[in-house]
Each structure stands twice: as C-alpha cells, then as structure tokens.
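Read off the chains here:
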Amino acid sequence: MIDYKGIEAKWQSEWDKAHLFEGNVSDRESFFITVAFPYPNAPQHIGHLRAYGTGDVIARYKRMKGLNVLFPMAFHGTGTPILAFAKRLKNNDADLINELKMFHVPEEELKKMTDPLYIANYFVAEIENGMRRAGYSIDWRRKFTSIEPFFSKFIEWQFKMLDDRRLLVKGRHPVGWCPNENNAVGMHDTKHDVEPEIEKQIAIKFKVDGEESYMACTTYRPETVFGVTNLFINKEASYAQYKVDGEVLYLSKAAAEILKYQMGVEYIKDVPPQEMLQKRCIGISGNAIPVLPGFFVNKEMGTGIVMSVPAHAPFDYSAIERLKNEGQATGITPIKVLDIPGKGYPIPSLAYLKIAQTDANGSFEDIEKATKLEYKEESHMGRMAIKGYEGLSENEARERITAELLGKKQAIEMYILVNLPVYCRCGYGVVVKVVDNQWFINYGDKEWKEKTKRAFSNIKILPVKSRKAFESAIDWIDLRAVARAQGLGTKFPLDNNYIIESLSDSTIYMAFYTISNIIRGINPENLKPEFFSYVFLNSGDSESVSKSTGIDYETIKRCRESFDYWYVNTSRHSGVDLIFNHLTMYIYNHVAILEERRWPKQIVVNGSVLSEGEKMSKSLGNIVPLIDGIEKYGADLIRFVVVAGADLFSDSEFSADAVKGVDERMNFIYDTARQLESMESSELSHIDYWLYSKLNRKIRSASESIEELELRAYATTVLYDSAIELRRYFNRNGSNGIVVRDYVSAVSLLLSPITPHVSEELWHILGNSSFASVEKWPAPNPEMISDKIESEELMLDSIINDSKAIVELMKRKHGSHPRSVKFIVAAKWKGPVTNIVAGSKKISAAVDAIKKGMEDFKDLDKEKAMAYATGLGKKVNSLQKTEVTQDDEYRMLSESSGYLSSMLNCDVSVEREEDSKSARANGAMPGRPAIEAVF
RNA sequence: GCAGGGGUGGCAGAGCUUGGCCAAAUGCGGCGGGCUUAGGACCCGCUUCCUUUAGUGGAUGCAAGAGUUCAAAUCUCUUCCCCUGCACCA
C-alpha cells in the first residue's frame, strides 16, 4: 500500500530544500501562470482544489516541457466579507461558529477573531498550509495580500492610469440598502445570505385631465402603451399625491415608500380611492382614459396604478368585461398593438383566455395562465402593428419605446427588489436606494470595447466552448460601480471617502507578482506612480525615477527586468463563474493600461466540484475541508479525482468510490515498480513490442490531451489505460524487466503533473536521483507504435471470443468439454483477396484479380478462390483491411498457444489451411481461423 | 426575460468539430463463471428486445418532432426540459 502521507511530506520537503519551484529570471523561455487569488475568510475545501489544482497541473506540465515557469500566489483581502465575518462572530452567530468548527478552527482562535486583520492572517496561514499540503508548485516568496500598503500603492497607480485615459465616470446607481443601518447591503449582510436582486422597472406617466399632475403606472410591457384604454386602481389601497423630482404624481403609499430612496419624494396629501376614480387621464395618442377599479390590482406592487391594455392583457380584459356586466366601462374597446403572424386574433387576450380554457369570469389562476401564455407567445413571435413601429418584434419595440418615453420624460425609472422580502441581518427589510455621485469604470467606452475585442481575438481560451460566453460578456459589460462606502482595501483616489471595490482592484495585479518579492521592504510612500509607470510601461528612465522616488537604481532595474521577462507568456485561470466579471475586467484593464505585448495570451476556466453527487453546501453539510481530504486520502488521490475527474467545463465529482478506483490503480503501478527487481530481461517478444507500442501511443495521445487541457482524457490514458495494459501484459505472460521499467518510468513522468508525489516516489524507486517534477516530458518514439502488432492482439481477443462460443456449442452437442481445439489459419492467398474487397468494397475487384491469376499465387485454385470471393458478399461493409499476413497470424497463434489453452481450458494446436485435412479448413478467413474441437 | 452550457444505455460519462467501422469507449453497479476454506482483490463472460446447437440474423434505439442524405447520437429547423450567470457579491 502506498503511504501517501509519508511520501507527500518527504517530497514536499525535498522540493522546498531544492527551491525547485522558485521562478527566477533566466535566458530560458518563460511561462507565467496565475490562478485567481483566494479570499481569506474561510478555510479551503476540496472545491478550491479544482482551480488551483488545474493551475498546478499546467504549471508542472509546462515546467517538464522545458519552460521556466512562475506560479505565484497571493491573497485577496479587499471588500466587506471579512468585516461582516468579524461582526457575525462578535454577535455569536451560531451558523458561522458551527461552520468554523466543522473546519476545525480551534475555539481559542475564535475568541481572538475580533480584528479583521487577525482573521485575514489566520486564514491566509490556513490556506497557504493547505496549498502546500496539496503539493502546488508555488513560488511562495512572492506572497502578499491585497490589503497591504505596498499593494495599495500599485492600485492607486492603476486607477491613476484609468483616470488619465478618462475611463472613470460619475453617475447614479441602485444598491440594496438597509434603512436602519444606513448601509449598502450585499449577500453576506442579509439573513440567510440572500443576494438582493434589483430590477429596473419603468413607470409611464399619464397626465390627469385638468390638472398639472400625473398618474404613474409601472409596467413590464411599455410597448403596449398604445393600447391603453383606461387605468386601474385598487379600491382598498391608499393613494396620495407626491411631489416627485418637481412633478406632482399620484402613487400608492407603498410605492412612495420605495421611491423615496431613489428620488426626491415629498408628500402632499392623501387621495381616497373614490376620488381617484373620478379622475380622467390622457393617453399617449391624446385619447381620454378613465380610471377604473381593477379587481386584480396588487397594492404592494409597483405604483399601485396599472395601465389597462385589454387587447393584450387577459386581466385587463377580464376586469373590463366584469365592469361592463355591472353597466360600467361601456365605452371601452380593446386596441390592438401587435399581431402574431398567421394567427390574427381579433382580441388576443380573449383568444388566450379561450386557449387556457377559461373566460373573463375565470379564476385568478386561470387568467394568470392565459397571461403567461400570451406574454410568452407575443414576445416570441409578435410583430408590432402600430404606425412607426410596424414589423418590429416586441423586444425591439420595447427597447425603442422605453428609450423614447424616458427621453420625452413621459416615464420614470424605478428599481424594485425582485426577491422580496430580503432582510438585513439587523432585522430590517432591505430597500433599493439610488446612490448619487457613484463612480464607475466605463466598460461601455466604445473605443475601449473595440480594442478589447481585438485583444480577445488573440487570446487562447480553454476550453474552446467557453469562448462564446466571453464574447457576450465583453459585449455586455457596461458601467461598473467602483467605489464602496465600506470594506477593506485601497481608498478610491478621486474620492477618499470610498474604497475601491474588490473585483476592480484585482484586474492587473498579476503583474505585481513579478516585483512583489523585490519591493517588499521598501517604504510604500516611495512607490510613486512614476515607479510603476517605469516598471510596467517602460516610461521615463530609471535614473530619474530613482531620483524622484528615492528607490535605489538597482532595485528599479531589477523590477523592470523581472516584469519584462515574465509578463509575456501568461496564462490566467479561474472558475467559469468569473467569466462575466473578473475575467472580462481582466482583459479590459490589460488593454487599457498595458502595452499590447503584455495583453493576456491564454485564459483557462474550469467548472466546480460536486461532493457525492451533490453541490457542496453548508446546509447539506457535505463540504469536505481540503485538509480533511488530504489527511484521509492523500493529496495525489484527491488531486486526481477533483482535477482530472471531468473535462474542464463540467463539474467534477468527488466521491469515496472515485478515490478508491484511483487508489487501486496507483497501487498497482506502484507495486509493479517495486517488483521490477525480481524481473528478468530477455529478448523482446510479441507482447513486449505490444507494450512498447501501447506506451508510445499513450505518450503521444497524453501529450496531445494535456496540451489542450483535456485533463480527463489525459488522466484516463495515463492511469486507467496503463493499468489495463499492464494487466494484459502480465496475463499474456509478459515478464521482461527492461520493458516494464521503460513503461513504468514513462508513466511515472506522465503522471507527475497530476500526482506529483507518487510520481516522484516511483521515479526514485526506479533508481533515478533527479526530480521527476522537473524531468523532461517523455517524447513518443513513433517507430515503436505498430498498428499491426496492436491489431494482432485485438485479433487474438476476437479469436478467443469466437472459440469460446464454439466450444460452448460443441459442449452442448457432445455433453463434454473438448480435449483440444485446432486452429486452422486461412490460406495465404485469402489475405490479399480479402484486402482487395475490404479496400474497394467491391467483390468484382477481387474477381478481376483472381481472373488475372493473382501474380503472387500462381498455384491458386481459381474456382475455390472465386467461391471464396463471392462468399464475402454479405460482409463487404464490415471487412477491414489488415497488414497481418498468414505468417503473422500463424506465428501469433503458435506463440500464444499457452494463453489460448488457459483461456479455453484445453489443449490447443495451430496449422495452416494449406496443410490441413480438416473439413472445416475451407471456412477459414484471415483473422478468423477455422476452429475444430476434438473430443 | 436575456446570455452561456447541456439533455446518450441502471448510474456516471465519452462520442458529436471532420455523418458510415456506433447497440455506442471507459468506469461504477447488477448477473453468471473462474481463482479461493471464505471474503476482498484479480481474471473471463453477460448486462435493449427477439432469433440462432459453428463463430449469427433482425427489430427498436442516443429528450420529442420534422428535415437533409444512399447513410444521422453526429448536420438543419422547431418544441420541451435541466444547469449556470445576470453586476457591486467575492
């Protein structure tokens, strides 16, 4: 049994002693790989192994390919979670404490965790320890956290660069807000960690006839404004007049509560529903529209006033029909604004009520069903029928009309929480507040976007199928709020009351790794912008920079050299969930700030990890802490399962079963290596050549797979297939020490990126004294790859299969097991004849050849040959050309007679059709010898 | 709703880019057999249905439906369903 823990500790310490993974400037080609740095507010679990482990596999592979690899790591302390963490701990939050206990955070540590910095440092140490135990080939000298002063200097420089390029803009922005604490709230500030989901809604204003005031109606379908016949209110609701940004609006009181956080809202006076119903408004085309009671109007939703479009809203239609039955609303006729080609309903909402098998008097649920159906079909297939918008799809029309209404100030925007109610941890309901004077990074800048797209076209994205997601992310990203009122991090240079938001301070930080170890120790005050501009942009000269910053000349030059050397061939890694923010921002910021040759070269994304088939979550209690996993199974096994258990884009599954499967195979290879000493070496036989062929083919395909990061395929070939091949080799009585040594030795190197510790151990068991981790990646020897030898083995299998079937049949007939089985190999001429048919798929081709006398076979019995050729008729399509000749087949069967007889449980003999007296000899085909059982 | 990914045999998961060698790799599970005192491990076979006492033949089949083609899990269209993200959360 492999002693994983012992092996891991041993090699980790050896690697450390040898400084094996420290990246230093040299004249070799560089490869710089970074994985999104972790947030130190919780211990790691095996899910984290996916991204970092994948990164490590690549780092290790590239190192073996001869590149000078730098794989650094740092920590991201920016933002609010650590503060929230401290607060929760202070309040003795039971959930949090349980969670931490599960991760083995000692009780006395919990008591000390009052200071956010202490918390950060604790988890930094915890995570680093886990990463070391996992065997990541990280250069730890470059470690830093994003909340250290010297890093802040770098971020200040970055934002100065963005500002210089006019990419920072100011504006309004909605945020989740706690009115009690007067704070923005994110997911970690809410009860049950709910993200407040904010949605922009539009409220269309209808002028009240005879008044300088408006009724505001929220709607999801502003394009139907042309079909408005009236307004609906709820008779039970409370309404009032308000002055909203200088205009008098009628709103429900509930709506005013929401709006007052978003714009200036001044209460004027109550307006009872009865009074509301007396008023008349003016529609978009100047038509008079009455205010009516709507049975379905929800007083909590929107403004509490609904615009009625009976042609396209089953609820509106129903409400009007019901009023008509009571003698009201008599003058109202639906106005159609859009049609579905080919359907042409006179009154669409009525049609959908019918489709939903109900009518205007139907139940709320049935009408809702009709509504959903209508909205769906109309949005899918509807075409506008209103002048000026003819033929537009509903979505196109919505976009245009919304913009027009807002432009003409006929509508206002309001924000609502979609997932109501959301509670702040303090107990208050969360609202949406619109923050003025918010700073944004303007990712919508046209020129910037174009340049970023150009940069993107040169980036290698793995897996390839995630490319589309990036494309749409690059298109979609627009303004991004960049300043926060609270949190750890770097102060926003343009307004020191704010902190730079956490994703925005980690877009070009990878460059910082190239100098972090050099500048640590320098007084941060000396790290002035001109220093960074020189190092990263090569602007200015080192002497004047040295003079103005007070940093010594040599240090500055070293920084520049280091950046220049490493920041060329870069690869960035993270989870797929970061495509739509971090990774896209990463590309944008590189493009904005750095020179073109520093732009990203490769981005790799990976899926997440499931635990025993389930998503890991606190509530399921199925989170496996990384340290627990390593303790229980060993780092190499969980690396293998988590990193190579699925292709990059899919989730991989961690399960005890999967670990067991890997463990068994690792042990088998390990045992094989240990038994090598007792194996003799001799002349190479067929099965030895076979193993070499398989090995070299494996090296070739594994190299191709890992190059494209098809890690699942790579791992399967290298571990699973190796186990199968070795077993077959031994079953076939293979026993050549040299061959097995070559095989295991190559496999141990091939495995090294994914299971570095066991590989290192294997490598040394084989007598090597170098480190497998930095050995040269094996190259295949194409000459050793033989289709012929491999197909002979396949042929042997199928022959055994056939014989078994026949032996079974004969057994039933004779009532006993045969004493021996005779294999009669097909006549020599049958090979070429079969190949002609297999190649041309035509019997006639073979017939022609036979007629010509088949030059090589002068004594060919033409009649017999013709019969044989015609007999191939049915099999034409399944026949395969083969290089295996009669001699090969004869030799192979003879050599394998021991194996055959053990498989068939009786004696075995082999002869050629030409020499055979058997009645069955005639039926032999190449690769399918005739079989005669003797009793 | 928008965007991205996906739906394959008891399960997991390849294959679909470059249509035919695909009743569909591989692993797990199940069944039968071998080895064993026994279990585990290992080895062999079976694991859609029907047919077949000489190494078969046939039907159905890769979410559903339609299409292109001599030929489709693979290409096109439509529908249904699932997963992920949607912004201040790292």
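The numbering scheme is per chain: residues are counted from 1 as the chain's sequence reads. Note on labels: chains are lettered from A, ligands numbered from 1, in written order. Restriction of local features to residues with pLDDT of at least 70 applies here, the model being predicted, together with a cutoff of 80 or more for giving and counting side-chain atom pairs; totals for whole chains, interfaces and linings are based on all residues. Here the side-chain values reflect all heavy atoms present in the structure, with hydrogen atoms and water set aside.

Observations concerning the protein's contact with RNA strand B
Quick note on the threshold: Any residue with a non-hydrogen atom lying within 4 Å of a molecule or strand is treated as near it. N or O atoms closer than or at 3.5 Å make up a polar contact, with two conditions inside protein: a donor-capable atom paired with an acceptor-capable one, and, for residues adjacent in sequence, both atoms drawn from side chains. Helix and strand definitions here come from DSSP, where helices need a minimum of 4 consecutive H or I residues and strands a minimum of 2 consecutive E residues; each element is numbered from the N-terminal end. In this count, Pro and Cys sit with the nonpolar residues alongside Ala, Val, Leu, Ile, Met, Phe, Trp and Tyr, while Asp, Glu, Lys and Arg are called charged and the others, Gly among them, polar.
Around RNA strand B sit 46 residues in total, of which Tyr39, Arg484, Asn581, Lys804 and Arg920 are the nearest. Here the atoms of RNA strand B within 4 Å of the protein split so that 66% fall in sugar or phosphate, with bases taking the remainder. Contact distances for RNA strand B include 2.6 Å between a phosphate oxygen and a side-chain N or O atom of Ser502. Ranked by residue count, the leading element in the surface near RNA strand B is helix H28 (residues 787-814), at 5 residues. Broken down by class, the residue content of the surface near RNA strand B amounts to 17 nonpolar, 13 polar and 16 charged.

Digging into the sheet that holds strand E25 (residues 614-615)
Sheet strands associate in pairs through backbone hydrogen bonding, adopting either a parallel or an antiparallel arrangement. What counts here: When DSSP locates at least two bridges between a pair of strands, those strands are taken to pair.
Read from one edge to the other, the open sheet built from 3 strands follows the order E25-E24-E26, with strand pairing classed as mixed. Each edge of the open sheet carries a strand with a single partner, namely E25 and strand E26 (652-654). In this sheet, E26 lies alongside strand E24 (residues 609-611) in parallel orientation, the contact comprising 3 bridges. Across the sheet, Leu610 pairs through a bridge with Glu653, a residue of E26.

A look at the pattern of salt bridges
Stated precisely, the cut-off is as follows: Think of a salt bridge as a Lys or Arg side-chain nitrogen and an Asp or Glu carboxyl oxygen that are within 4 Å of each other. Each residue's exposure class comes from its accessible area (1.4 Å probe, protein chains only) as a fraction of the maximum for that residue type: buried when under 20%, exposed when over 50%, partly exposed otherwise.
One pass over the full model with this rule turns up 51 salt bridges. Across the pair Asp139 and Arg142 runs a salt bridge, and its minimum N-O distance is 2.9 Å. For the pair shown, Asp139 and Arg142 are each scored as buried. The salt bridge involving Asp887 is made with Arg912; its shortest N-O contact spans 2.8 Å. Here the residue Asp887 occupies a position in helix H32 (residues 886-895), and Arg912 occupies one in strand E28 (residues 907-912), the gap between them amounting to 25 residues. Within this structure, Arg560, Asp564, Glu595, Arg597 and Arg598 form a network of salt bridges that share partners.

Brief notes about unusual backbone geometry
With glycine set apart, most residues show a phi of negative sign, and most peptide bonds adopt trans. Residues Leu462 and Pro463 are joined by a peptide bond in cis, for which omega reads -5 degrees. Residue placement: Pro463 occurs in the loop between strand E18 (460-462) and helix H15 (467-476). You will see that Leu709, though not glycine, has its phi angle at about 60 degrees, which is positive. Note that Leu709 resides in the loop between helix H24 (686-707) and helix H25 (711-731). The exposure class of Leu709 is buried, given its relative accessible area of 6%.

A few points about the environment of Phe154
For clarity, the threshold we go by: By definition in these notes, contact holds between two residues if any of their heavy atoms fall within 4.5 Å.
Relative to the assigned elements, Phe154 resides in helix H7 (residues 149-164). For Phe154, a relative accessible area of 0% gives the class buried. In contact with Phe154, other than residues within four places in its own chain, are Ile508, Tyr509, Phe512, Phe532 and Phe536.

A closer look at the pairing of strand E9 (residues 247-252)
Counting buried residues in E9 gives 5 out of 6 residues, a clear majority hidden from the surface. Pairing analysis gives 2 bridges linking strand E6 (residues 214-219) to E9, with the strands arranged parallel. Paired with Met215 across the two strands is Tyr250, which belongs to E9. Pairing between strand E8 (residues 239-244) and E9: 6 bridges, direction antiparallel. Bridging across to E9, Tyr239 finds its partner in Ser252. From the end of E8 to the start of E9, which pair antiparallel, there are 2 residues, and Asp245 there has a positive phi angle of about 45 degrees.

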